[in-house]
Amino acid sequence: MKYRSVFDIIGPVMIGPSSSHTAGAARIGRVARSLFGREPKWAAISFYGSFAKTYRGHGTDIAIVGGIMDFDTFDERIKTSLSIAKEKGMKISFVEEDAVTDHPNTARVIIGDDQGQLELVGISIGGGKIEITELNGFELKLSGNHPAILVVHNDRFGAIAAVANVLAKYAINIGHMEVARKEKGKLALMTIEVDQNIGTNILDELKTLPNILQVTKIAD
């Protein structure tokens, strides 16, 4: 196995005893927060596999709640994230699930407020690295390690090409791209990880394209 940097071996700077159970969990929570676009009023978190068995002892609970409040992996506030959430009036619930998942460190996060909610499934694959495997019922593969955009669109001819053409126009290189749909001809989701950060002007242009319904950016 080749490592790109020393951080791939020792993991990120983090609060807690385990990169898989704390840094990874914090990043899953933070991606949920980024996609939701604001601080939620409540969070329902389900843990599976190893997460379900050890989340209290390994600090997975405080890490994922810290991420939901937009704390980075090294933020000292993670240690008291549950107390901070309570002070903010954020309602938090944890469920230990028995279902067998593809990966032992799996969490389902549902966050929301009076305006709406978001649901995602994330796995911690080690060294603080994560993958988001499901978003609001769409299957996807999002690492969270690179700048990315999620594009909700009508499943129509030319929609994907139009988005790719805009990115090419601004010399944005696509590192990974997937398209998921629940049903042919209905809603679909593009997951696009890129090598450069994407400016607001590009996002605004993407939103004007035919059949594009929503564009959400995740910064690196």
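Structure: see above.
Throughout what follows, the structure given in this document is the object of discussion.

Parameters and conventions
- Think of each chain on its own: its residues are numbered from 1, step by step along the sequence as written.
- For this predicted model, a pLDDT threshold of at least 70 governs which residues receive local features, and a threshold of 80 or more governs which side-chain atom pairs are given and counted, while totals over whole chains, interfaces and linings are taken from all residues.
- The side-chain values count all of the structure's non-hydrogen atoms but skip hydrogen atoms and water molecules.
- Runs of E in the DSSP output that reach at least two residues are strands. Runs of H or I that reach at least four are helices, and both are numbered from the N terminus.
- For this analysis, residues touch if any pair of their heavy atoms sits within 4.5 Å.
- A 1.4 Å probe rolled over the protein chains alone gives each residue an accessible area, and that area as a share of the maximum for its type sets the label: buried under 20%, exposed over 50%, partly exposed in between.
- Relevant arc is that of directions from the helix axis to the C-beta atoms, nothing else.
- Only Phe, Tyr and Trp rings are paired, with Trp represented by its six-membered ring, and only when their centres lie within 6.5 Å; those with planes under 30 degrees apart are stacked, over 60 edge-to-face, the remainder tilted.
- Only Lys NZ and Arg CZ are tested; either one counts as a charge over a ring when it is within 6 Å of the ring centre and within 35 degrees of the ring normal.

## Digging into the environment of F94
Step number 1: Considering the arrangement of structural elements, one finds F94 in strand β2 (residues 91-96).
Step number 2: As for F94 and D61, which are separated by 33 residues in sequence, their C-alpha atoms are 8.0 Å apart.
Step number 3: The contact partners of F94, leaving out residues within four places of it in the chain, are I45, F47, Y55, D61, I64, V65 and L82.

## Details of the environment of K41
Step number 1: As for its placement among the helices and strands, K41 is situated in the loop between α2 (19-36) and β1 (42-48).
Step number 2: A relative accessible area of 46% places K41 in the partly exposed class.
Step number 3: Through-space distance from the C-alpha of K41 to that of K91 is 6.5 Å; in sequence the pair is 50 residues apart.
Step number 4: The residues contacting K41, other than those within four sequence positions of it, are G89, M90, K91, G112, D113 and D114.

## Observations regarding helix α3 (residues 49-58)
Step number 1: Burial in α3 covers these residues: F51, A52 and Y55. Projected down its long axis, α3 carries its buried residues within an arc of 95°, all on one side. More than 90 degrees from the buried face of α3, the exposed residues found are K53 and G57.
Step number 2: G59, located one to two residues past α3, shows a positive phi value of around 80°.

## Overview of the environment of I84
Step number 1: Locating I84 in the fold gives a position in helix α5 (residues 81-88).
Step number 2: For the pair formed by I84 and M69, sequence separation is 15 residues and the distance between their alpha carbons is 9.1 Å.
Step number 3: Aside from chain neighbours lying at most four places away, what touches I84 is M69, F71 and R77.

## As for the packing of aromatic side chains
Step number 1: Tallied over the entire structure, the rule returns four aromatic pairs.
Step number 2: Note on F47 and F51: the rings are 5.7 Å apart at their centroids and 80° apart in plane angle, and the pair reads as edge-to-face.
Step number 3: Using a relative accessible area of 0% as the deciding quantity, one classes F47 as buried.
Step number 4: Here F47 and Y55 contribute two aromatic rings whose centre-to-centre distance is 4.8 Å and whose plane-to-plane angle is 35°, an arrangement assigned as tilted. Neither residue differs from the other here; F47 and Y55 are each classed as buried.
Step number 5: Of the aromatic side chains, those joined through ring pairs into one cluster are F47, F51, Y55 and F94.
Step number 6: R38 extends its terminal NZ or CZ atom over the ring of F36, reaching a point 4.1 Å from the ring centre.
Step number 7: The aromatic ring of F138 is capped on one face by K182, whose charged end is 4.7 Å from the ring centroid.

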